[in-house]
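Report on the structure
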Amino acid sequence: MTELHLMEKIVSLAKRRGFVFPGSEIYGGLAGTFDYGPLGVVLKENVERLWLQMFRDDRDDMHGVDAAILMNPKIWEASGHVSGFSDPLVECGKCKKRFRADHLDGSRKCPECGGELGEVRQFNMMFKTHAGANEDTSAVVYLRPETAGGIFMNFKNVVDALHPKLPFGIAQIGKAFRNEIAPRDFIFRLRELSQMEVEYFVAPSGWEQAFEEWRKMMHLFAEAVGLPQGMVHELEVPTEDRAHYSKRTIDFEFDYPFGRKELWGLAYRTDFDLLAHANASGTELSYLDEETKEKFIPHVIEPSLGVDRTVLAILSSAYREDDMNGEVRTYLALAPRVAPVKAMVSPLLKNKPELVAKAREVRAELKRVHPAIAWDDNGNIGKRYRRQDEIGTPFCITIDFDTLGDPSTSSGQERPDLKDTVTLRHRDTGTQERLTIPEVAERIRVAIE
Ligand code: ATP
């Protein structure tokens, strides 16, 4: 399976099984936009929930906000985005296609048609729109290009409301918008994306320690969502490539099917943002240390994680094909914690009411462990297993005559010892075992912990 071929298979599976659909599809789509379908939305929510748990809820020093996407445009002037949030753009004189100059390895030829490329110019990536009925310049607003702005706007509010002790942080999940010159690689480079961001405020001397702590945390999160350790790499970003606000940045890169690319970023933003917003707004954005009575503008460590790039990393590293009983089997080896469906319950035969009733009972029992327990009684058992394999369901549970322990309906031999036991099938190996219902519930509980 070539790498590009793999990408096609992932995109096709994502569409076929309801993970990710092209945006506005029946109108020919809209570049850089995708919609999450019924399974994708749950996978995405599982990622976000885990992040909220690890980056916010399990810690006493973290607080949440959900800021507005539309904000006063002065924010983006002060943060440097109006003047500096741009990518180098080149246009082909022949086919008129546009490219990011820094993605072309210095070539002056169009990668599509071989035509001559024009001059490089800076292209600002912020989407502009108008607030209110007047389409004049005074009403220009931007769709936020990163969620961080909304966090800085609420630094003072959180300090005034909660009086947190430094170091503390604010976490937020939300949409961000970037008018990417060349959106590509499925949900890797989008124009509408979701970010999970933390701004962690520290005393200036505390930045290195905090940077190391969040660096470890990001690796723990990669592990928690099931990304193989060997596929996540750190890149120390050299000064000339860092964002205008950053004094140190580590890119967390991932081995995607189309190459090693940025998955997440960890940046030391110094006091750049709070200082800039304090100066531009005339509002004091400092922190008073109650013990030393020292007043200063905190410095900031920012772990910034793209939700969509995380979902793509999960899908692309979980995609597997193997040979099962002479047939190619496709499955997603998802970590049970992020899998959209945790287990599927089915009666061996759907036209035997006693099997169906017992299977319904087992499903209700297992739903007490987790609500995402599916039901499938369509087609033969083999087909049901394949369907669940393709969406990454870790366990399948089958209720048969032995479960009922009724000699008149049992498969021939009387096996009273098997009464109230079921078959538990494991996705990755296809192996099956016979367990009691409480044992199955415990297996699921432990796997998704
Ligand atoms: P790139 O160099 O790939 O354009 P970036 O360095 O501009 O990315 P950041 O500004 O650091 O990205 O954004 C933080 C995170 O947001 C990224 O690490 C990534 O996970 C996510 N992200 C950024 N741009 C996009 C995009 N166009 N589509 C999807 N996710 C994105």
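Predicted model, so just to flag it, every value in this text is computed and none were measured. (Residues numbered from 1 in each chain as written. Predicted model: local features only at pLDDT ≥ 70, side-chain atom pairs only at ≥ 80, totals over all residues. Heavy atoms only, no water.)

Moving on: the pairing of strand β19 (residues 327-332). Bridge count for strand β18 (residues 319-324) against β19 is six bridges, and the pairing is antiparallel. In the strand pairing of β19, aspartate 322 is matched with arginine 329. Counted along the chain from β18 to the antiparallel partner β19, the turn is two residues long, and its residue asparagine 325 has a positive phi close to 50°. (Pairing = 2+ DSSP bridges. Helix = DSSP H or I, 4+ residues; strand = E, 2+ residues; numbered from the N terminus.)

Right, let's get into the packing of aromatic side chains. Scanning all chains against the criterion turns up 18 aromatic pairs. With a centroid separation of 5.1 Å and 85° between ring planes, the pair formed by phenylalanine 34 and phenylalanine 186 is classed as edge-to-face. Note that phenylalanine 34 is positioned in strand β2 (residues 34-36) and phenylalanine 186 in the loop between β10 (168-177) and β11 (192-202), a separation of 152 residues in sequence. With a relative accessible area of 10%, phenylalanine 186 lands in the buried category. Through a chain of ring-to-ring contacts, three or more aromatic side chains come together here, namely Trp51, Phe55, Tyr200, Trp214, Phe221, Phe252 and Trp264. One cation-aromatic arrangement involves lysine 44 over tyrosine 36; the distance from NZ or CZ to the ring centre is 5.2 Å. Across from the ring centre of tryptophan 375, 3.8 Å away, lies the NZ or CZ of arginine 360, which sits over that ring. (Phe/Tyr/Trp six-rings, centres within 6.5 Å; stacked < 30°, edge-to-face > 60°. Buried < 20%, exposed > 50% of the residue type's maximum accessible area, 1.4 Å probe, protein only. Lys NZ or Arg CZ within 6 Å of the ring centre and 35° of its normal.)

Contact geometry for helix α2 (residues 38-57) and helix α7 (residues 207-224): axes closest at 11 Å, N-to-C directions at 145°. When you trace α2 past α7, the crossing you get is right-handed. Of the residues in α7, those in contact with Val47, Leu50, Trp51, Met54 and Phe55 of α2 are Trp214, Met217, Met218, Leu220, Phe221 and Ala224. Residues of the contact of α2 with α7, tallied by class, amount to 11 nonpolar, no polar and no charged. (Axes fitted to C-alpha atoms, helices over the stretch in contact; angles between N-to-C directions. Left-handed = near helix turned anticlockwise from the far one by under 90°. Contact = heavy atoms within 4.5 Å. Nonpolar A, V, L, I, M, F, W, Y, C, P; charged D, E, K, R; others polar.)

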